[in-house]
Amino acid sequence: MRRRTLLGSVGGGITLGLAGCLTQDDETGGTETDSTTGDADESTTDDGADTDDGTTTDDSDDGQSGTLQVVTYESMIDGENPAGPWLKDAFEEAYPGVELEWIQLPDQGINHYVNRADEGVEIEPDVYFGLNIDDLVTVDDNLEDGGLFRELDTGEIDRADRIRDGLDMGDPHGRVLAYDTGYISLVYDESEVDEPQTFEDLTDSAYEDALLAQNAQTSDPGQAFLLWTIDAFGEDGYLDYWADLRENGVRVLDDWSESYYGAYIEEERPMVVSYSTDQVFAVAEGNDLTRHQVGFLNDQGYANPEGMAIFEGGDADLASAFFDFVLSGDAQAEIAERNVQFPAVEEEYVDLDEEFDEYAYVPPEAVTVGYDDLRGNVDEWVDDWAREFATH
C-alpha cells in the first residue's frame, strides 16, 4: 500500500503544524464518531509480538484472570460494525482467563463519575475508554487535582512508547494514554456551496442557512468546534462570532448523529461540522463524494485525541494488559478503520486499508486548546455559549 507522512505531532500547545492527505485512519467522538466497515491488513511484526489477529505471541499472560469492566461511548460498542465487539473477542483470545465487559457511558458522560467520586460512591468500572482533554479538565476543575484516575505505570505497558510524539494529551498527572485521534472539519456538498476558506466566510450571505453544528454541551464535535472558534477569535471575541453565525442561520442540533444522519445526509442543508475522515466513511457506504467534500477553515482542523485511563479503584494489572493490547498493530488498525479516526501509534506499527491512504485527510495545520488553557475556563466558556446559542 502507498505510504505518506501521517502526522508530526498533536501537541499540548494551542497550535501545531502538519500537512497532507493521509495514510491512517471523531469523533468524533469524540465520543461521537463515524463508523464504517474495513478489514485491517496484517499488522507489522516489528517485535515478533503482534500476530495477524492482534493477539500476541510472547506477552499474553494466561495467568491473568478476572473481569475487566470498560466504560465507553455508544458508537464504540453499538451500531454498524463498531470496534468494541472486535476488541472484546480479540482481547479475550489473547488473555483466555479474562472477560472484557463493555459498559455504555451514561448520558451525563464524565460528569456521572465526577459526581460519584465527589459523593464518595463506589465506581464499578475499571477503565474509561474515550477521554478527551476537556474531560480531564472537568475532573480536575471539580475534584482534587489529579483525581478520579490512577497515574499510569507505563513501564507495565510495553507498547506505550509507540504513541506518536505530542499525543500525551497534556495531562500533568500522567493518567491517560491516547488510542486514536481525529480532526474536526467541515463536510460540504460542492454542488451547492463553494468551500469556505475562513471562519469569516461562514457569516457571508453565500452561506446563509447552510451550516449544521452541534450543541457544545452535549456533543464532542460540538464542543471541539466551539473551542476552535475560541482559538480563532479569543475568549473575548468568540461569542460575537457566534452571534454572526446565528444571524446567518446556523442550526445547532443536540449531537453529531442528529446533525449528520438526521439532517445532513437527508440533504436538509449543504454543510455540517464533522470529521476530516468523512470520505473514508462515504466510500465504504458507496456514496457520491460530491456531498462529502472536506473543508479546512483557515487551513486548519481541530485535533481531538481520545484516551484511556484507569479509575482509582480499577484493576491496574488487567487494565495495563488491555492498554498494551489496544496499542498493538491489529487493534490500532481495527479501531481506526471502524471508528474512522487516526491511529495513535507511529505509522511503522500499523497498516491500514488503502482507502484510508486516499480518502482520509490531515489539515495543513492542526490546532487544539490544551489542558493548561482549558483549566478553570472550559465550563464557563461552554455555559456562556449555551445561554445564548444552545437553543437556536
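Our structure's up above, just so we're on the same page.
So, here is what we can say about the structure in this document. Keep in mind it's a predicted model, so treat the numbers as computed, not measured.

Parameters and conventions
- Residues numbered from 1 in each chain as written.
- Predicted model: local features only at pLDDT ≥ 70, side-chain atom pairs only at ≥ 80, totals over all residues.
- Heavy atoms only, no water.
- Phe/Tyr/Trp six-rings, centres within 6.5 Å; stacked < 30°, edge-to-face > 60°.
- Helix = DSSP H or I, 4+ residues; strand = E, 2+ residues; numbered from the N terminus.
- Buried < 20%, exposed > 50% of the residue type's maximum accessible area, 1.4 Å probe, protein only.
- Lys NZ or Arg CZ within 6 Å of the ring centre and 35° of its normal.
- Contact = heavy atoms within 4.5 Å.
- Salt bridge = Lys/Arg side-chain N within 4 Å of Asp/Glu carboxyl O.

## Brief notes about the packing of aromatic side chains
Any aromatic ring pair is given by two values, namely how distant the centres are and how the planes are angled relative to each other.
At step 1: With the rule as written, the count across this model stands at 32 aromatic pairs.
At step 2: Here phenylalanine 129 and phenylalanine 322 contribute two aromatic rings whose centre-to-centre distance is 5.7 Å and whose plane-to-plane angle is 55°, an arrangement assigned as tilted. Taken together, the residues span a long stretch of sequence, with phenylalanine 129 in strand β4 (residues 127–131) and phenylalanine 322 in helix α9 (residues 316–326) at a distance of 193 residues.
At step 3: With a relative accessible area of 0%, phenylalanine 322 lands in the buried category.
At step 4: Within the aromatic cluster, the residues linked to one another by ring pairs are Trp86, Phe91, Tyr95, Trp102, Phe129, Tyr179, Phe322, Phe323 and Phe325.
At step 5: Geometry around tyrosine 264 places arginine 291 over its ring, the cationic atom sitting 4.1 Å from the centre.

## Considering the environment of phenylalanine 389
At step 1: Mapped onto the elements, phenylalanine 389 comes out in helix α13 (residues 378–389).
At step 2: Along the sequence, phenylalanine 389 and valine 252 sit 137 residues apart, while their C-alpha atoms lie 7.8 Å from each other.
At step 3: In this view, phenylalanine 389 contacts Leu239, Trp242, Ala243, Arg246 and Val252; residues no more than four positions away in its chain are not counted.

## Examining the side chain of serine 274
At step 1: Tracing the backbone shows serine 274 in strand β9 (residues 271–275).
At step 2: Judged by its relative accessible area of 0%, serine 274 falls in the buried class.

## Things to note about the pattern of salt bridges
At step 1: Under the criterion given, the structure shown has 11 salt bridges.
At step 2: Between aspartate 140 and arginine 175 there is a salt bridge whose closest N-O contact spans 2.7 Å. Pair noted here: aspartate 140 is in helix α4 (residues 133–142) and arginine 175 is in the loop between α4 and β5 (177–181), with a separation of 35 residues, a long-range link.
At step 3: Several salt bridges converge on common partners, so that one network encompasses Asp140, Asp171 and Arg175.

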